[in-house]
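Chain and residue survey
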Amino acid sequence: MCGIVGYLGEGNVYDILIKGLHRLEYRGYDSAGVALVSPSGNINVFKAKGKVANLESFCQSKDLSARAGIAHTRWATHGEPSDVNAHPHFSEDGNIAIVHNGTIENYKLLKDVLEKHGCSFHSETDTEVLAQLIEYIRVTNKCSLLDAVREALKQVVGAYAIAVVAKDDPDTIIAARQSSPLAIGIGENGSYFLASDASPFVEYTNECVYLKDGEIAEIRRGVPLKITNLNNEESTVDVTTLQLSISQLEKGGYPHFMLKEIFEQPSTLRDCIRGRVVADGDRININGVNDNKEKFRNAKRIVIVACGTSWHAGLIGKYLLQDMCKVPVVVEYASEFRYSNPIINADDVVIAISQSGETADTLAAIQIAKEAGAFVFGISNVVGSSIPRETYAGCYIHVGPEIGVASTKAFTGQVMVLTLLALAIAQIRGTLSDEEIAKVGKCILKLPDYVEQVLKLSPQIERLSLIYTYARNFLYLGRGYSYPVALEGALKLKEISYIHAEGYPAAEMKHGPIALIDQEMPTVIIAPQDHLYEKIVSNVQQVKARGGSILAIVTEGDSVIANLADHVLEVPDVPECLSPIITSVPLQLLSYYIAINKGKDVDMPRNLAKSVTVE
Ligand code: F6R
């Protein structure tokens, strides 16, 4: 949700900022801009509506010389996407410029006060208010940029990651964070980088400092980084060594990140499993669980909080944990949980799932759970992100950077970790025998190979997608473990092809959605051979009887559904608890090809952003 980049050093400032913006474009892409602090002491601000490429075209004939700069790619919150609402914003006197990710909740109040003091505003954004406030304080108090930022932030309610530059202080960038991520890269020869995540500077340095909530960084050319808080108390500078590689951030020969990430799943699943399924599959080893055995042994209930695709993974987690650990599980949308007066007890284990580790609602839900005394466990992908830091223990999914906005490999990674977690907790609680654990453990070791086999369906799915591309509505049905897979399949299609799709528990269909079925609306049915197989065959028949067209995902060799459905995609036979990983992959490919047939930008679907750091 909005990407920020900053740079101060001897390199080509504009090029570094633009390259960085491209890396962060997954966070938002409705407008972009740069503020360049020129060698002559001016701040040149260039902005353009649309993607970063539009900004580049706009900048072609401009003076781009700079000694420092900040840049932004936007996902609109306050004010429509437009040149004027694009960041950077500057103070009325043009002396300071700012980029911001987050929302200033009390911006209206602050704006009213500033207007009374004679400030006028040009954009509809909350960020311009912050720019004017900082400069107003700087001029009135005759103080440094750092002190002005600190004083301004004391008056702000909301979430922010900001970077600020001033005309008369060209070798300084002031950065601060509260609830929105910000990473600082320490470069060579006294240079510094700044970004919403480390991807924009990974090729220049692997030394990174993740700013914490309430911290302000004073980034000065050639001077050691100084971090203080709003009370001007100095914090230690914790330098992390980045493990990212550039190849993980590139398309690697695929036309889109989404396709690359779908095809990466055999290897991401191997990375996710590595070291966790041990003794030839006989035992499961999750450090975050082993270190907290008592919490998991004594848990009376597990509450899962997440949003979007991660919430779908959480729903699968419910089936896994209830089946294997015999513990009651509830799964809540984090956004609903936080405002529902949730009843959380000290003997609850709360599991927060988030690819980005930065989702604002999930972070808020974690806070509530911690205040209620629950043990909070995080499942995340992004190392060093807020959720792993805010939870008591956790487990990374280790699938590498996911750049396609529609989540694919992170979803299967989350489901894999939840499966391992359920097995590890079952070991502790004694709810599965050693033989039962070993049976699943051995299959998990083979699962990446099965996913490889499923990916071979790609040409067949590409052909089938042509038949389904022009449907205006889709229904996705599944039961048991396949019900959340249906929800996720429908979400993927909606997100990238803009076709309306609804996921439903197959048996619920007759309580309403069956009225929609006709030849125009395809139904995708996820029907592996599990303990509900006979039931779903009846659901297939019910759709067929009403003239609906059916695409079914079935276990290989299934002739019953093959005779009823218009098309089938056969996947390998795996234990029921592992079927969601196998059946979700063809649905990812189906969405991908349909969106491509419709000419959509699958990596950057309209209105979406990858990391939702605002409410
Ligand atoms: C869908 C998708 C979103 C995210 C949701 C939560 O493809 O990516 O629905 O799953 O915004 O994001 P995280 O997992 O980062 O908390």
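The rules behind these values
Residues numbered from 1 in each chain as written. Predicted model: local features only at pLDDT ≥ 70, side-chain atom pairs only at ≥ 80, totals over all residues. Heavy atoms only, no water. Domains from an automatic or database assignment. Contact = heavy atoms within 4.5 Å. Buried area = accessible area lost by both parts, 1.4 Å probe. Salt bridge = Lys/Arg side-chain N within 4 Å of Asp/Glu carboxyl O. Near = heavy atom within 4 Å. Polar contact = N/O pair within 3.5 Å; in protein donor to acceptor, adjacent residues only side chain to side chain. Areas by Shrake-Rupley, 256 points an atom, 1.4 Å probe, with all protein chains shown as cover. Helix = DSSP H or I, 4+ residues; strand = E, 2+ residues; numbered from the N terminus. Nonpolar A, V, L, I, M, F, W, Y, C, P; charged D, E, K, R; others polar. Axes fitted to C-alpha atoms, helices over the stretch in contact; angles between N-to-C directions. Parallel < 35°, antiparallel > 145°, perpendicular 65-115°, else oblique. Left-handed = near helix turned anticlockwise from the far one by under 90°. Disulfide = S-S within 2.5 Å. Buried < 20%, exposed > 50% of the residue type's maximum accessible area, 1.4 Å probe, protein only. Phe/Tyr/Trp six-rings, centres within 6.5 Å; stacked < 30°, edge-to-face > 60°. Lys NZ or Arg CZ within 6 Å of the ring centre and 35° of its normal. Pairing = 2+ DSSP bridges. Core = buried A, V, L, I, M, F, W, Y, C linked by side-chain atoms within 4.5 Å. Arc of directions from axis to C-beta. Expected span 1.5 Å × (residues − 1). Lys, Arg positive; Asp, Glu negative; His and termini not counted.

Interface extent is often summarised as the accessible area lost during association of the parts. Taken domain by domain, the protein consists of domain 1 (3-248), domain 2 (251-454) and domain 3 (456-607). Taken over C-alpha atoms, the centre of domain 1 sits 44 Å from the centre of domain 3. With 4 residues of domain 1 at the interface, the matching set in domain 3 holds 4 residues. Summed over both partners, the interface of domain 1 with domain 3 buries about 380 Å², with 50% contributed by carbon and sulfur atoms. If you sort the residues of domain 1 by the area they bury against domain 3, Tyr-29, Lys-51 and Trp-75 come out on top, with a joint share of 85%. In this structure, Lys-51 and Asp-601 form a salt bridge, with 2.3 Å as the shortest nitrogen-oxygen distance.

This part is about the site of the ligand. The immediate surroundings of the ligand are formed by 15 residues, with Ser-310, Ser-354, Gln-355, Ser-356 and Thr-359 found nearest. In the environment of the ligand, an oxygen atom lies 2.6 Å from a nitrogen or oxygen atom belonging to the side chain of Ser-354. Starting from 400 Å² of accessible surface for the ligand in isolation, the protein chains cover 90%. Of all the elements in the fold, those that place two or more residues in the shell around the ligand are α10 (308-325) and α17 (482-497). Residue composition of the shell around the ligand, grouped by class: 5 nonpolar, 8 polar and 2 charged. Residue-level mapping places the shell around the ligand at the junction of two domains, with at least three residues from each of domain 2 (251-454) and domain 3 (456-607).

The geometry of helix α14 (residues 409-429) relative to helix α15 (residues 434-455) is characterised by a closest axis approach of 11 Å and an angle of 160 degrees between their N-to-C directions. Here α14 is positioned roughly antiparallel relative to α15, judged by the angle of their axes. Both α14 and α15 take part in a crossing whose hand is left-handed. Across the interface between the two elements, Met-416, Thr-419, Leu-420, Leu-423 and Gln-427 from α14 touch Ile-437, Val-440, Ile-444 and Leu-447 from α15.

Let us look at the side chain of Ser-196. Checked against the element boundaries, Ser-196 lands in the loop between β10 (192-195) and β11 (207-210). Looking at Ser-196, its side chain comes within polar contact range of the main-chain nitrogen of Ile-4, at 2.8 Å. With near-sequence residues (within four places) excluded, Ser-196 lies in contact with Cys-2, Gly-3, Ile-4, Leu-24, Arg-27, Pro-181 and Leu-182.

Further remarks concern the state of the cysteines. For the structure on display, the rule yields 0 disulfides. With no disulfide of its own, Cys-395 has Cys-272 as its nearest cysteine by sulfur position, at a separation of 6.9 Å. The thiol of Cys-443 is not disulfide-bonded; the next cysteine sulfur, from Cys-577, is found 8.0 Å away. Classification of Cys-443 by relative accessible area gives buried; the value is 16%.

Scanning all chains against the criterion turns up 12 aromatic pairs. On the numbers, 5.8 Å between centres and 85 degrees between planes, the contact of Phe-296 with Phe-375 is edge-to-face. Of the two residues, Phe-296 is situated in helix α9 (residues 293-298) and Phe-375 in strand β21 (residues 375-380); the sequence distance between them amounts to 79 residues. With relative accessibility at 1%, the residue Phe-296 sits in the buried group. Judged by relative accessible area, which is 6%, Phe-375 ranks as buried. Here the aromatic rings of Phe-375 and Tyr-392 are separated by 6.1 Å at their centres, their planes lie at 25 degrees, and the arrangement is stacked. Highlighted residues: Phe-375 in strand β21 and Tyr-392 in the loop between α13 (386-390) and β22 (393-396), separated in sequence by 17 residues. Aromatic ring contacts, followed pair by pair, group Tyr-7, Phe-193, Phe-201 and Tyr-204 into a single cluster. Between the NZ or CZ atom of Lys-51 and the centre of the ring of Tyr-29, over which it lies, the distance is 5.8 Å. A cation over an aromatic ring shows up here: Lys-111 above the ring of Phe-121, its NZ or CZ 5.2 Å from the ring centre.

Remark on secondary structure: sheet strands pair via backbone hydrogen bonds, oriented parallel or antiparallel. One open sheet holds the 5 strands; their spatial order is β24-β23-β25-β26-β27, and the pairing between them is parallel. Each end of this open sheet is capped by a strand with a single partner; those strands are β24 (500-505) and β27 (567-571). When strand polarity is set aside, the average angle formed by the axes of neighbouring strands in this sheet is 15 degrees. Sheet topology note: the strand β23 (residues 473-478)/strand β25 (residues 523-527) ladder contains 4 bridges and is parallel. Within β25, the position partnered with Tyr-476 by the bridge is Val-524. Docked against the sheet, α17 engages β23, β24 and β25, running at close to 175 degrees with respect to β24. Across the sheet, helix α18 (residues 533-545) touches β23, β25 and β26 (550-555), and the angle it forms with β25 is around 165 degrees.

It is worth spelling out the nonpolar core at this point. Judged by nonpolar contacts, the single largest core of 96 residues is most densely connected at Leu-321, Ile-351, Phe-377, Phe-474 and Tyr-476. Element by element, the count of residues in this core is highest for α14, at 14 residues. When residues of this core are sorted by domain, at least three fall in each of domain 2 (251-454) and domain 3 (456-607). Among residues more than four places away in sequence, those in contact with Tyr-476 are Ala-486, Gly-489, Ala-490, Leu-493, Ala-501, Glu-502, Gly-503, Tyr-504, Val-524, Leu-587 and Leu-590.

This brings us to helix α16 (residues 458-468). Those residues of α16 that sit buried are Ser-458, Ile-461, Leu-464, Ser-465 and Tyr-468. The buried residues of α16 all sit within an arc of 120 degrees when viewed along its axis, so they share a single face. Exposed and oriented more than 90 degrees from the buried face of α16 are Arg-463, Leu-466 and Ile-467. Those residues of α16 that are buried are in contact with α6 (257-263), α15, β23, β26, β27 and α20 (579-597).

For α20, with 19 residues, the first-to-last C-alpha span of 28 Å sits near the 27 Å given by 1.5 Å per residue. Most of α20 is tucked away, with 17 of its 19 residues classed as buried.

Between helix α7 (residues 265-273) and α15, whose axes approach to 8 Å, the crossing angle comes to 170 degrees. One finds that α7 runs roughly antiparallel with respect to α15. Seen from α7, the contacting residues are Gln-265, Pro-266, Leu-269, Arg-270 and Ile-273; seen from α15, they are Ile-444, Leu-445, Pro-448, Asp-449, Val-451, Glu-452 and Leu-455. Of the residues assigned to the contact of α7 with α15, the class counts are 8 nonpolar, 1 polar and 3 charged.

A word on the side chain of Glu-215. As for its position among the elements, Glu-215 is in strand β12 (residues 215-220). Buried charged residue Glu-215 carries no salt bridge. Nearest counter-charge: Lys-212, at 4.2 Å. Separated by 3.3 Å, the side chains of Glu-215 and Ser-235 make a polar contact. Apart from the residues lying within four places of it in its own chain, the contact partners of Glu-215 are Ala-175, Ala-176, Arg-177, Ile-227, Thr-228 and Ser-235.

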